Amino acid sequence: MSEPSEKRESASRPEMEPSIWEISRPGARGVRPVSRPVDVTDLPPGICRQTPSGLPELSELETIRHFTRLSQLSRGVDTHFYPLGSCTMKYNPKVMDRVVSLPGFADLHPLTDEEGMQGFLGALWTFSELLKEVLGMDAVTLAPAAGAHGELTGILLARKYFESRGEAFRTEILVPDSAHGTNPASAAMGGFTVRTIASKASGHIDLEALSAALSERTALVMITAPSTLGLFEEELSEVVRKVKAAGALLYMDGANMNAFLGVLRPGDLGFDIVHINTHKTLATPHGGGGPGSGPVGVREFLSPFLPNPRIVRSGKKYSVVDGEDSIGRIRSFHGSAGVLLRALAYMRMLGEEGLKRVSLYALLNANYLRKKLEGVLPGMGDGLCTHEFVLSARSLEKEGVRAVDLAKGLLDAGYYAPTIYFPLIVPEALMVEPTECESRAMLDRFADDLIRLVGLAASDPDRLHRAPEKTPVSRPDEVKAAREPVLVDPLAAPVRR
Ligand SMILES: Cc1ncc(COP(=O)(O)O)c(C=O)c1O
């Protein structure tokens, strides 16, 4: 039996941790370097510091306690259930960190010559081959540093391809309104005009709207599969047929590939370009501002345009080459090495069957949870979802309760909140992605708590309006913080003591 969530979380609001500048103590040190006189006379004038750096001063233990306390003020995958839809906040096996810490990888300098990094190049080459297989594509680049960067890379590939065919008049990219928000942003950044295709009430692409928008100006149609509504396009083959007939290319935002890894291959579905978020799907956590990686797979006819540098194998030797028709470099060195190596180790550890199980459990967990919440909050689609689902809290508006109130209530109940108000096409949206890693007990507990909170909307809505009461900060003015950020550079200011 799981204990009630109210008991699991402590009742009182935890104290906010002071900033590292506030706990700085003059003279405190983590490490005392051996003091040796340094001759600075050879250094160019003007580069030597005349005043102390102003860095905070703490002992090693104080530093560790500070950051450990900070880490505990928030909810994280390692401490709480984290159903943040679209972001795939799943557990990433710690053994992958051991793999990237192997000295042969961790100590490798990025400027090491080819001879000195044969093992590393071989690992990346192997990973590209595995990705080609999983994506059903002919060639892959590992260079992009994130999902959105993968999108931009794919868009630049499409542009170069059409230019090479004398079809630079293709200046439009069509994006369904169920696509991830980065798709239109990347298309605009790539210099294209974005046209939005409205979805049908069911959340699927409206074929008539698509046909009306397709023209000789269309370069690319970008489809998020599964869509941000957690739906798989029911008429995908018709979409593919129409796009190809218009002479355009078809892009798949495969950041949600954890829904069909090892089960379906984008290449087999008819896509020409696809990116995958290795930092959602393949063993690196998403979010937190850390490095990501968005490898892109393409069909053969697009491979000449792939970014440089490329890794090729001849016999047992790996070398780094540049392609003449490439769109050029989009990232330094060979991409986010640690993320790529973790992904390779994860794929190798799971094997074909294991990867398939990842997706089947992701689908099972999402559908199980959705079913439990059915009847409490309405969802999109016909009752089945892929790896995530979207609920609408609109029915609670009459009680003065909104999606944000449920999300804040969930924080008090001991969870990270689902994504809210996204996708934009669902009013009062709550987007839930349980991921494949959670147990049935956890899903049951979460469903019970969400149902209890929905009940509070009628019995005690103010309780929800006051939430969260168990976090160090309750409801900061997020709009103000985003529109009027007050950024402080502590090193520019005198240290507070
Ligand atoms: C469907 C989808 N596409 C694109 C992205 C963008 O990826 P990134 O945040 O790595 O740029 C995300 C991120 O979660 C996503 O869920």
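Residues numbered from 1 in each chain as written. Predicted model: local features only at pLDDT ≥ 70, side-chain atom pairs only at ≥ 80, totals over all residues. Heavy atoms only, no water.

Let's talk about the site of the ligand
Near the ligand, the surroundings consist of 15 residues, among which Ser86, Gly147, Asp253, His279 and Lys280 are the closest. Within the side chain of Asp253, a nitrogen or oxygen atom sits 2.6 Å from a nitrogen atom of the ligand. Within the side chain of His286, an N or O atom sits 3.3 Å from an oxygen atom of the ligand. Bound to the protein, the ligand loses 88% of the 390 Å² it would expose on its own. Here the shell around the ligand takes three residues from helix H6 (residues 147-164), the largest share from any one element. Broken down by class, the residue content of the shell around the ligand amounts to three nonpolar, nine polar and three charged. (Near = heavy atom within 4 Å. Polar contact = N/O pair within 3.5 Å; in protein donor to acceptor, adjacent residues only side chain to side chain. Areas by Shrake-Rupley, 256 points an atom, 1.4 Å probe, with all protein chains shown as cover. Helix = DSSP H or I, 4+ residues; strand = E, 2+ residues; numbered from the N terminus. Nonpolar A, V, L, I, M, F, W, Y, C, P; charged D, E, K, R; others polar.)

Considerations on the environment of Trp125
Positionally, Trp125 belongs in helix H5 (residues 118-135). It is 46 Å that separates the C-alpha atoms of Trp125 and Gly46, two residues lying 79 residues apart in sequence. Setting aside chain neighbours within four positions, we find Trp125 in contact with Ile311, Val312, Arg313 and Tyr318. (Contact = heavy atoms within 4.5 Å.)

Observations concerning unusual backbone geometry
Glycine aside, the phi torsion of most residues is negative, and most peptide linkages are trans. The omega torsion of the bond from Ala225 to Pro226 falls at -10°, within 30 degrees of zero and hence cis. With respect to the secondary-structure elements, Pro226 resides in the loop between strand S4 (218-224) and helix H9 (236-245). Cis peptide bonds are those with omega within 30 degrees of zero, and the linkage from Ala467 to Pro468 qualifies with 0°. Along the chain, Pro468 turns up in the loop between helix H15 (461-466) and helix H16 (478-483). Backbone geometry at Ala283 places phi at a positive 80°, although glycine is not the residue there. On the secondary structure map, Ala283 appears in the loop between helix H11 (278-281) and strand S7 (296-298).

Brief notes about the sheet that holds strand S11 (residues 419-420)
What the three strands build is an open sheet, ordered S10-S12-S11; its pairing is antiparallel. The open sheet has two edge strands with one neighbour each: strand S10 (389-392) and S11. Relative to strand S12 (residues 429-432), S10 runs antiparallel, the two being bridged by four bridges. Looking at S12, one finds that Leu391 is bridged to Leu430. (Pairing = 2+ DSSP bridges.)

Considerations on the domain arrangement of the protein chain
Bring the parts together and some accessible area is lost; that lost area is often taken as the interface size. Domain assignment breaks the protein chain into domain 1 (97-349) and domain 2 (358-483). The centre of domain 1, based on its C-alpha atoms, is set 30 Å off from the matching centre of domain 2. With both chains or domains summed, domain 1 and domain 2 bury close to 1400 Å², and 60% of this area falls on carbon and sulfur atoms. On the domain 1 side of the contact with domain 2, Thr228, Leu229 and Asn258 bury the most area, a combined 37% of that side's loss. Counting across the domain 1 and domain 2 interface gives five residue pairs in polar contact (both at pLDDT 80 or more). Split by residue class, the side of domain 1 that touches domain 2 holds eleven nonpolar, eleven polar and one charged. (Domains from an automatic or database assignment. Buried area = accessible area lost by both parts, 1.4 Å probe.)

Observations regarding the UniProt feature "domain: Glycine dehydrogenase C-terminal" (unreviewed entry) in the protein chain
Under the present numbering, the feature "domain: Glycine dehydrogenase C-terminal" (unreviewed entry) in UniProt falls on residues 361-453. In residues 361-453, helix accounts for 40% and strand for 11%; the two terminal C-alpha atoms are 27 Å from one another. (UniProt positions renumbered as here; feature names shortened; annotations may be inferred.)

Regarding the pattern of salt bridges
The full count for this structure, using the stated rule, is 31 salt bridges. Across the salt bridge formed by Asp444 and Lys372, the nearest N and O atoms sit 3.2 Å from each other. Of the two residues, Asp444 is situated in helix H14 (residues 440-459) and Lys372 in helix H12 (residues 337-373); the sequence distance between them amounts to 72 residues. On the basis of relative accessibility, which here comes to 31%, the residue Lys372 falls in the partly exposed class. Between Glu484 and Lys480 there is a salt bridge, with its nearest N and O atoms 3.2 Å apart. Among the charged side chains, a network of salt bridges with common partners joins Glu114, Glu115 and Lys317. (Salt bridge = Lys/Arg side-chain N within 4 Å of Asp/Glu carboxyl O. Buried < 20%, exposed > 50% of the residue type's maximum accessible area, 1.4 Å probe, protein only.)

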